[in-house]
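Remarks on the overall topology
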Amino acid sequence: MRIPDDPIQREYFYNDLVDKCSVSIQERTGTYDSLRSYYLFGSGLDAPPAYYNKIYPHIDQLSSFLYSAETTRFTISLGASVNKHEQTKIPSLTGALNDDWLNSNADQVFAQALNWALCYNSTFIKLIQKNGLHPYMVDPRCIGVYREDTPHTDRQEALIQIYYITRSELYARLYSHPQREALLARLQMGQSQENQVPDGIQRLILSATDPTMYGNVNLNIAGMQQYKARVAEDTIKMTELWVWNDMTEDYQCVTIADPNVIIYDRPGESMFLKGELPFIQLCPTPQYDYYWGISEVARLVFLQDMRNKRMTEILDLLSKQVTPPTALIGFTGLLDEKNFALNRVGGLLSTDMPNAKVEQLAPSIPNDLFREIAEIDQMFEEASGIVNVLQGRGESGVRSAGHASQLARLGSSRAKKRALIIEDSLEKMATLYLKAMQSYSDRIYTDDTGNKFIADQFTKDFVVKVDAHSNSPIFTEDLRSLAFALADRGAITKERLIDILEPPMKQLLKEDLRKMEQAQQAAQEMQKQQQPTPEGAAPQTQRR
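Residues numbered from 1 in each chain as written. Predicted model: local features only at pLDDT ≥ 70, side-chain atom pairs only at ≥ 80, totals over all residues. Heavy atoms only, no water.

A short note on the overall build of the chain
For the record, the criterion: Secondary structure counts use DSSP, requiring at least four H or I residues in a row for a helix and at least two E residues in a row for a strand, with both numbered from the N terminus. Classification of residues uses two cut-offs on accessible area relative to the type maximum, computed with a 1.4 Å probe and protein chains only: under 20% is buried, over 50% is exposed, and between them is partly exposed. Two residues form a contact once any of their heavy atoms are found within 4.5 Å. Areas reported here follow the Shrake-Rupley algorithm with a probe of radius 1.4 Å; residue values treat only the protein chains shown as occluding.
Across its full length, the chain carries 16 helices and 14 strands. Looking at the 544 residues of the chain, the share that counts as buried comes to 38%. Within the chain, contacts between residues separated by at least 24 positions form 69% of all contacts whose residues are at least 6 apart in sequence. Counting every atom, the chain has about 32,600 Å² of accessible surface; 51% of that belongs to carbon and sulfur.

In structure tokens, the structure reads:
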């Protein structure tokens, strides 16, 4: 985009972009609240919690197939035109990259973001450079894009992030701003607390004012834990706008405080990396004409409602079996007291009426009462492509371990496809980690030839890849089998085999392997020196 040079026109331009990027935030917020309720409690916003929430463990299991924080590791892939001598720097940089990934807690942040991406439709991880990279998960309701009909974040001309900050923290961050006091005087403060009135009561009030609105509300008067944060301190709404500047070939980062007070207007290079956005989108189920993708929980909502309905009916049927309805035939007077006497321990009931009798109308319980519940649970597994073999359950007709392994390999094709989508986000995030190391880190590394270098001396023509699809446990067994096959045929060394398998105490095992090899070499040399001289051969003499 071409950003105007005039300050007034520039401000109007920025505010117009913020309005266009925020067009769907309110609508998506209502949808996300409903999906969050189903994910955490198995029911809608105004309904009581489900007896058993099938969605939460199902999403938890699905995310475990798509990403494993423990086994994920990265490798650096060079471009075709890069000098082969750059290969000697890869082992040191790969080790440093994996260390920074774990030390910044990026593995756990990514795992949490993936869970909520399956719940909503997308989540974001923002990388902040401050004495190293620090990843933070960003809720999708805080993000807005310029064109929602265009997928991929890199193709967006503008993107906004909304967040809230306290007045004292903003005052501290503006310590070097020349107009700090004037800006703070213009800011509008408001509390970021949630609505204290329950949604059910609010709808009842609205239905009383509008006679055309009808419906029932299942309101839990006792209340329950909603897992929503409460903030008592006054906060200020902040908007961070990232817009592509055609003149500088870089993003322009604009910080705007409510109401439309521009605090900072600076190039993106001063905030992160030139030409790069600090946001990584996680979208497990993308859609070609909708930026946010498809929610996994949204596909399971109707199954959960069906399960809740059947569970309620089954429990009601079992309750009638325990305390069945009673028919008092031929009795007069207060029947409630007579029924109470019949249902208490040691109760006694008498009457002078002839032919009086008591009948209990207990319903019949079918033998396959929970069969429909099992069928609904099977639909959950079918919806996400998790077959019985992947869950550790047996299959009829399986004759050997190899047969079961083959079934698991074929049955995991749908999960593998989605794991590769998650792998793209991992690789994008890890590539930004290495680029940040080149721009901000001055640590000294040693290559395989013993030469010293820093990350900035490494080539810029590279991408970081997930090593052997290690982000998903589905690929783990295939990787182990391939590694042992290569080692048996001498295609890889024992040290490289340890790197692939990632066993506990990896560094100690590699050091022990080096000591064993050195000891073997020393023993072989000593054995050669102690070999006797063959008969008939002249002894070797030293020349003077």
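Right, picking up where we left off after that structure.
Notes on the sheet that holds strand β8 (residues 261-267)
Put simply, the rule is: Two strands qualify as a pair provided that DSSP identifies no fewer than 2 bridges between them. To obtain each axis, a line is fitted to C-alpha atoms, and for helices this fit is confined to the stretch in contact; angles are then taken between N-to-C directions over 0 to 180 degrees.
On the basis of which strands lie adjacent, the open sheet formed by five strands has the order β4-β5-β6-β7-β8 and antiparallel pairing. Every interior strand has two partners, whereas the edge strands, β4 (143-145) and β8, have only one. With direction set aside, neighbouring strand axes in the sheet form an average angle of 20°. Most of the contacts of helix α2 (residues 25-41) go to β4, to which it runs at about 135°, and overall it touches β4 and β5 (158-166).

A closer look at unusual backbone geometry
Leaving glycine out, the prevailing phi sign among residues is negative, and the prevailing peptide bond configuration is trans. For the peptide bond that leads from aspartate 258 to proline 259, omega is 10°, which places it in the cis range. Locating proline 259 in the fold gives a position in the loop between β7 (250-257) and β8. A positive phi is found at asparagine 105, a non-glycine position, where the angle reads about 65°. For asparagine 105, a relative accessible area of 41% puts it in the partly exposed group. One non-glycine residue, asparagine 260, adopts positive backbone phi at about 60°. Relative to the assigned elements, asparagine 260 resides in the loop between β7 and β8.

Comments concerning α2
Spelled out, the test is: Expected helix span is taken as 1.5 Å per residue step, with the number of steps being one fewer than the number of residues.
The first and last C-alpha atoms of α2 sit 24 Å apart over 17 residues, in line with the 24 Å expected at 1.5 Å per residue. Among all positions of α2, only Ile25, Arg28, Tyr32, Leu35, Arg36, Ser37, Tyr38, Tyr39 and Phe41 are buried. Summarising the contacts, the buried residues of α2 are in contact with α1 (7-21), α3 (55-66), α5 (106-119), β4, β5 and α9 (296-322). A positive backbone phi angle near 75° is found at glycine 42, which sits one or two residues after α2.

Side note on empty space enclosed by the protein
Rules: In this analysis the probe radius is 1.4 Å and the grid spacing 1 Å, with only protein atoms considered; a cavity is a set of points the probe fits into but cannot get out of, a pocket is an open set with protein on both sides within 12 Å along at least five of seven lines, and lining residues have an atom within 4 Å of a point. Grid points are joined across faces, edges and corners, and a volume is the space filled by probe spheres set on the points. Think of it as three bins: nonpolar holds Ala, Val, Leu, Ile, Met, Phe, Trp, Tyr, Cys and Pro, charged holds Asp, Glu, Lys and Arg, and polar takes everything else, Gly as well.
Scanning the entire structure with this criterion turns up one cavity of 30 Å³ or more. Here the largest cavity is characterised by a volume of approximately 50 Å³. Contributing to the lining of the largest cavity are Asp33, Arg36, Ser37, Leu40, Phe41, Leu45, Gln226 and Lys228. Here the residues of the lining of the largest cavity sort into three nonpolar, two polar and three charged.

Considerations on the pairing of β5
Pairing geometry for β4 and β5, over three bridges, is antiparallel. Within the sheet, the bridge partner assigned to isoleucine 143 lies in β5 and is glutamine 161. Pairing geometry for β5 and strand β6 (residues 235-245), over nine bridges, is antiparallel. When the bridges of β6 are listed, glutamine 161 appears paired with glutamate 240.

Examining the environment of threonine 29
Tracing the backbone shows threonine 29 in helix α2. With 111 residues separating them along the chain, threonine 29 and proline 140 place their C-alpha atoms 8.6 Å apart.

Overview of the packing of aromatic side chains
Convention followed: Any pair of Phe, Tyr and Trp rings, taking the six-membered ring for Trp, is counted once the centres come within 6.5 Å. Such a pair is stacked with planes under 30 degrees apart, edge-to-face with planes over 60 apart, and tilted for the rest.
Applying the stated criterion to the full structure yields 16 aromatic pairs. With centroids separated by 6.0 Å and ring planes inclined at 10°, the aromatic side chains of phenylalanine 41 and tyrosine 227 adopt a geometry described as stacked. Linking phenylalanine 41 in helix α2 with tyrosine 227 in the loop between α8 (199-209) and β6, this pair joins segments that are 186 residues apart in sequence. On the basis of relative accessibility, which here comes to 52%, the residue tyrosine 227 falls in the exposed class.

Regarding the pattern of salt bridges
Let me state the cut-off plainly: A pairing counts as a salt bridge when a side-chain nitrogen of Lys or Arg comes within 4 Å of a carboxyl oxygen of Asp or Glu.
Applying the stated criterion across every chain yields a total of 26 salt bridges. Its salt-bridge partner being aspartate 16, residue lysine 20 comes within 3.1 Å of it at the nearest N-O pair. Of this pair, lysine 20 and aspartate 16 both sit in helix α1, separated by four residues, roughly a single helical turn. Take aspartate 16: its relative accessible area is 36%, and that puts it in the partly exposed class. Of the charged contacts in the structure, one is a salt bridge between aspartate 368 and arginine 371, with a shortest N-O distance of 3.9 Å.

Let's talk about helix α11 (residues 371-384)
Taking 1.5 Å of rise per residue, 14 residues should cover 20 Å, and α11 covers 21 Å from first to last C-alpha, within 8% of that figure. Along its buried surface, α11 packs onto α3, α9 and α13 (413-440). One or two positions beyond α11, positive phi appears at glycine 385, with a value near 75°.

Description of the side chain of arginine 10
Looking at where arginine 10 falls in the secondary structure, it is placed in helix α1. In contact with arginine 10, not counting residues within four places along its chain, are Ile3, Pro4, Asp5, Gln252 and Asp265.

Things to note about the confidence of the model for the chain
Our working rule: pLDDT measures how confident the predictor is about each residue, on a scale from 0 to 100.
Averaged over the chain, the pLDDT score is 83; the fraction of residues at 70 or greater is 86%. Ranking the elements of the chain by mean pLDDT puts α8 last, at 45, and β4 first, at 96. Note that pLDDT drops below 50 for residues 193-210; the model gives that stretch 20 contacts with residues more than four away or on any other chain.

Thoughts on the packing of α9 against α11
Counted only if it meets this: Angles below 35 degrees are treated as roughly parallel, those above 145 as roughly antiparallel, those between 65 and 115 as roughly perpendicular, and all remaining angles as oblique.
Between α9 and α11, the least distance of the axes is 10 Å, while the angle of their chain directions is 175°. Considering the angle they form, α9 stands roughly antiparallel to α11. Where α9 abuts α11, its residues Glu296, Arg299, Leu300, Leu303, Gln304, Met306, Arg307, Arg310, Met311 and Ile314 lie against Glu372, Ile373, Ile376, Asp377, Met379, Phe380, Ala383 and Ser384.

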